[in-house]
Amino acid sequence: MRRSVFDEVRVDRSDAGVTGASRWFAVYTTCRHEKRIAQHLQQREIEHYLPLYRADRKWRDGSKVTLELPLFPGYIFAHIMRSERGSVLSVPGALAIVGGTGGEPASLPDTAIEALRAGLLERRIEPHPLLRVGQLARVRSGAFAGMEGVVVRKKSGFRIVLTLEQIMQSVAIELDEDDVEPLIRGRIRQGSLLEVGHALCIQQA
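Okay, so let's go over this structure. (Residues numbered from 1 in each chain as written. Predicted model: local features only at pLDDT ≥ 70, side-chain atom pairs only at ≥ 80, totals over all residues. Heavy atoms only, no water.)

## Some details on helix α3 (residues 110-122)
Let me state the cut-off plainly: Starting at the N terminus, helices and strands are each numbered in turn, a helix being any DSSP run of H or I of at least four residues and a strand any DSSP run of E of at least two. How far a helix is expected to stretch is found by multiplying one less than its residue total by 1.5 Å. Classification of residues uses two cut-offs on accessible area relative to the type maximum, computed with a 1.4 Å probe and protein chains only: under 20% is buried, over 50% is exposed, and between them is partly exposed. Each C-beta atom gives one direction from the helix axis, and the arc is the one those directions make. Residue contacts follow a heavy-atom distance rule, with two residues in contact if any of their heavy atoms lie within 4.5 Å.
For α3, spanning 13 residues, the distance from its first C-alpha to its last is 18 Å, which sits close to the expected 18 Å at 1.5 Å a residue. Where α3 is concerned, the buried positions are A112, I113, L116 and G119. Within α3, the buried residues cover an arc of 130° as seen down the axis, which keeps them to one side. Exposed positions of α3 whose direction lies more than 90 degrees from the buried face are T111, L121 and E122. As for α3, its buried residues are in contact with β1 (23-29), β2 (48-49) and β5 (75-80).

Structure (structure tokens):
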């Protein structure tokens with residue numbers, strides 16, 4: 001199973017009482033406006049990072065093109081002091097600073113951004129929908145393609161429970177991460193509005 005550069009990174013709260021230190025914060029943005037927001041931040045001389053990956057697309061006329069797309073649709077990272085949040089949020093399309101518990105902005109450690117930068121240079125990285133235990137999901141390939149169930153365990157792979165309603169019986173199937181995709185309606189019940197918006201943004205990319 002592929003690992004994210006954030007798998008072993010915890011949110012950095014070591015600056016809880018320090019307002020003068022610049023830290024990396026994730027900024028939630030309007031979908032498909034990430035590059036424009038990056039331009040605005042550049043013009044305002046606000047340090048930022050928009051990780052991009054290359055994706056091949058085929059147009060209706062059959063022509064192929066390679067695009068640079070946001071690795072995290074709907075997000076951009078800004079390196080700012082807490083007192084500078086207003087400057088970032090005044091940029092058109094910048095909706096919110098992603099927060100932790102209690103609603104306070106949660107900073108990311110420098111090592112997370114450094115790992116992202118290094119990883120994008122060294123290997124092919126692309127987005128993958130977030131999957132959580134207890135979340136509704138759909139099998140996207142294989143013999144069970146199209147069937148829906150609940151993710152109950154995430155270890156070496158994913159176990160999804162499929163239920164045949166007609167006879168009220170369930171089976172648990174081990175699947176690879178790439179064979180499962182999240183259902184947004186399952187996220188709405190458990191996740192935040194930011195997560196739902198992010199899922200929609202990924203689907204539209």
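From this point, the discussion proceeds with the structure in view.
## Notes on unusual backbone geometry
Backbone geometry at R32 places phi at a positive 70°, although glycine is not the residue there. Judged by its relative accessible area of 58%, R32 is exposed. The backbone of E45 shows a phi angle near 60°, a positive value even though the residue is not glycine. With respect to the helices and strands, E45 occurs in the loop between α1 (34-43) and β2. Note on E45: relative accessible area 76%, which makes it exposed.

## Re the pairing of strand β4 (residues 64-70)
Sheet faces and side chains relate simply in a regular strand, where the side chains alternate between the two faces. Formally: Strands qualify as paired when DSSP identifies two bridges or more between them.
For strand β3 (residues 52-58) and β4, the ladder comprises seven bridges, and the chain directions are antiparallel. Across the sheet, residue K58 finds its bridge partner in β4, namely K64. Hairpin remark: β3 followed by β4, antiparallel, with five residues in the connecting loop; positive phi at G62, about 95°.

## Remarks on the nonpolar core
Using the following cut-off: Only buried Ala, Val, Leu, Ile, Met, Phe, Trp, Tyr and Cys residues count toward a nonpolar core, and they belong to the same one when joined by side-chain atoms within 4.5 Å.
In this structure, V27, L41, I76, I80 and V88 are the most contacted members of the largest nonpolar core, which totals 14 residues. For this core, the secondary-structure elements that each account for two or more residues are β1, α1, β5 and β6 (94-97). Not counting residues within four places of it along the chain, the set of residues in contact with L41 comprises I46, H48, I76 and V91. With 11 residues, the next largest nonpolar core counts L69, F77, L108 and L116 among its residues.

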